[in-house]
Amino acid sequence: MSAQLTQQALTILNARYLLRDEQGNVVENSDGMFRRVARHVASVEKDAYKWTEIFDEYLSELRFLPNSPCLANAGKVNGQLSACFVIPVGDSIEEIFRAISDAALIHKTGGGTGFNFSNLRRAGGVVKSTGQIASGPVSFMRVFDAATGAIKQGGVRRGANIGLLRVDHPDILEFIHCKDGGGLENFNISVMITDEFMKAVDGRQSFKGEGGRFLYRMEDPSTGLITSYKDARKVWKEIAESAWRTGDPGLVFIDKMNNSRANPVTGWKIEAVNPCGEQPLYSYDSCNLGSINLALAVTDNKVDYEYIRQVVEVGVRFLDDMIDANYYTLPQIEDMTKAIRRIGLGVMGWADLLTQLEIPYDSDEAVDTARIVAKTIKEAAYETSSLLGVEKGGFDKRGVHHSLMRNCTVTTIAPTGTISLIAGCSSGIEPLFAREYRHHGLEGQITDTIVNRYYLQHKENSHPHEPLCNKCPKTAREIDWRWHIAHQDAFQCYTDNAVSKTINLPRTATVKDIASAYLKAYEGQCLGITVFRDGCRDGPLEDVEEKEEITEVSESTPVQEEKVARTRRPKALDSLTYKQATPFGNMYVTISEHDGVPYELFATIGKAGSDVQSLTEALGRAVSTFLREGGLGDQRAFLARLEEQWQGIGGSLSKGFGVDRVTSIPDALSKVIGEYLGGERSSAASRDDDVVVGGMVVDGSHQKRTPSLGTLCPECMGFSLERDSGCDVCYSCGYSRC
């Protein structure tokens, strides 16, 4: 019997996964999808009927789900089932464009790709065959990015890439800053950190030269020669500062990775990782990923380890069968995949499990439980793969670990953004991103409010006089970054491949905090790290512990330059600040005067770094620019014209009724301008009213409990896009990009 899917899950399946006919009409339901996937994957078994029934049961009961390409493509002609691939990038035009072509085929069928650009010669290097000057890795990354942007990834998501560069490549500084100011929208980037570099950072590695003990060597990949030495601590600081600003780059600890179970074949080296970093891969390697639903692993207020073992047995067999049932876009990928049979069984619903057990995410008990759960999964997975090795034969390239196993690796902790929405559980090993949030349909309309089911149980079961916060599961933003790393470290102890986890930091976090998080991850079990500071894509560097550098960075930032008028701005201005209600929350508008004439208008709303805030700020800056330049000869007349033009501009949401109704950000600004110019103050500016959605009224007090915490989703236009394990995932409509 199938589990009952949420309306949100049904919406996502209908939009992205269910089969359609040539006219685009949906021709299957969710039960049909699960049956289609089970039948296709089980077709490689001797007893295909038996395993079709078993796989169908586990899928439809949401105990286990495979990666998105499998759900979308299984049973189709040329159905590609794998999630991630690594394509090598050689140091010639022919090899570079071959890699672009190979990646295009993968993106078209729904896979993500990882590239290591470290083999490309440095910018300014001489190409011996032609005598021309090389442009360097970053220039070619932009070519890859443009090609990716032109391809819709299997009709399910936009093509996803990760670009990596070794920290000892001569172009490392350009790479660190390659996403500054925009561009490379289809790339995550990570620096491949070596042990030698880390020894130089803490002074254990010594080379002669200026800077002494903090220097490390840079090598030209085309010659293997040392080209120069760089100050490791300065490079380390630049990485941390860039991550503080933008969230990029992440770090991949490549030497640790090569010495881990992720590199199971003796004498081989990891080439790169997949877009979210959890899957180290060889050249032309691929991986099939799937996740156990831990939200269902609680019985009588205890972890049901027998349930976990049973799902592991089915999950490992399912993922191994995917290798043989798969369609391969490239023969090199098929050869490598079948030679080593790498799979990655992971988890989702971890936060839900902890919530049911009333274990705080930020506690030693939670971390200890993580180790026990991960150890149980590893042992059951190894046992199952060994039994499959006896039944079907082991993988060809025998490694140093468990030579009887069917698969060279068996476990990976992957992000599970969309499949966790289908399963109705929390994502991967992440904390909850919100306890309550609004669900937007694909046209932008709010359809319902989503409340975490286990949090809701606590609300319903709590004593009226007991503070609810005592049992509230904390959200990702409410948890100290050290606990985020502790969970990643705990799962990595018993995971063959790597663990995908976003290390969330508050807006107030400093560059030093990010550097400390990097170091803690390196010194522990983690094979890499991705950090995300709230608001990190907004504004200039503000490291409160390094005040001398604030001025330095701010003066060179375009954001600050735009605020400087052609005529010198007075040091002090008379200002009025208005609070104006909008469909997206309260907006604060400040209008300043110089000699009694309107001179500036600035507006702010919502979370710093969000799209609605950036658009609101842009409108304010544009108005300020015109006011400073004279407002077309009459500043007050200019504002009056804006009030007239912006009044009544509508969007998908509105707030209030009658004359108090606010239909958009421009409409809200027009009301503030009207009051400033002498109009009657709208009561909507000071009252939390109801929100009108598609003709239906949602109580305003409930609206306040379910804020839009994310940034703007480009598909459903809701404010539910969150950073999840290195990918952006919309928790309203299921859209994802990595």
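Here the structure is a predicted model, which means the values were calculated and not measured.

**Section: helix α17 (residues 481–492)**
Logical step 1: Between its first and last C-alpha, α17 extends 17 Å over 12 residues, near the 16 Å set by a 1.5 Å rise per residue.
Logical step 2: Across the 12 residues of α17, 10 count as buried, placing the element largely inside the fold.
Logical step 3: Every buried residue of α17 is accounted for by W481, H484, I485, A486, H487, Q488, D489, A490, F491 and Q492.
Logical step 4: Where α17 is buried, its residues contact β16 (343–348), α13 (350–356), α14 (364–392), β19 (502–505), α18 (511–523) and β20 (528–533).
Logical step 5: Two or three places before R482, at the opening of α17, D480 has a side-chain oxygen 2.9 Å from that residue's backbone nitrogen.

**Comments concerning the pairing of strand β13 (residues 286–293)**
Looking down a regular strand, the side chains alternate between one sheet face and the other.
Logical step 1: The buried count for β13 comes to eight of eight residues, which makes it a mostly enclosed element.
Logical step 2: Here β13 shows two buried faces, one formed by S286, N288, G290 and I292 and the other by C287, L289, S291 and N293.
Logical step 3: In this sheet, β13 lies alongside strand β1 (residues 64–66) in antiparallel orientation, the contact comprising three bridges. In the strand pairing of β13, F64 is matched with I292.
Logical step 4: Pairing of strand β2 (residues 84–86) with β13 involves two bridges; the strand directions are antiparallel. For C84, the partnering residue across the bridge sits in β13 and is C287.

**A closer look at the sheet that holds strand β22 (residues 585–594)**
Logical step 1: Pairing within the open sheet is antiparallel, and its three strands lie in the order β21-β22-β23. In this open sheet, the two strands that pair with only one neighbour each are β21 (574–582) and β23 (597–605). Neighbour-to-neighbour, the strand axes of this sheet turn through a mean angle of 20°, independent of strand direction.
Logical step 2: Where helix α23 (residues 665–676) meets the sheet, it contacts β21, β22 and β23, and its direction lies at approximately 140° from that of β21.

Cut-offs applied
- Residues numbered from 1 in each chain as written.
- Predicted model: local features only at pLDDT ≥ 70, side-chain atom pairs only at ≥ 80, totals over all residues.
- Heavy atoms only, no water.
- Helix = DSSP H or I, 4+ residues; strand = E, 2+ residues; numbered from the N terminus.
- Expected span 1.5 Å × (residues − 1).
- Buried < 20%, exposed > 50% of the residue type's maximum accessible area, 1.4 Å probe, protein only.
- Contact = heavy atoms within 4.5 Å.
- Polar contact = N/O pair within 3.5 Å; in protein donor to acceptor, adjacent residues only side chain to side chain.
- Pairing = 2+ DSSP bridges.
- Axes fitted to C-alpha atoms, helices over the stretch in contact; angles between N-to-C directions.

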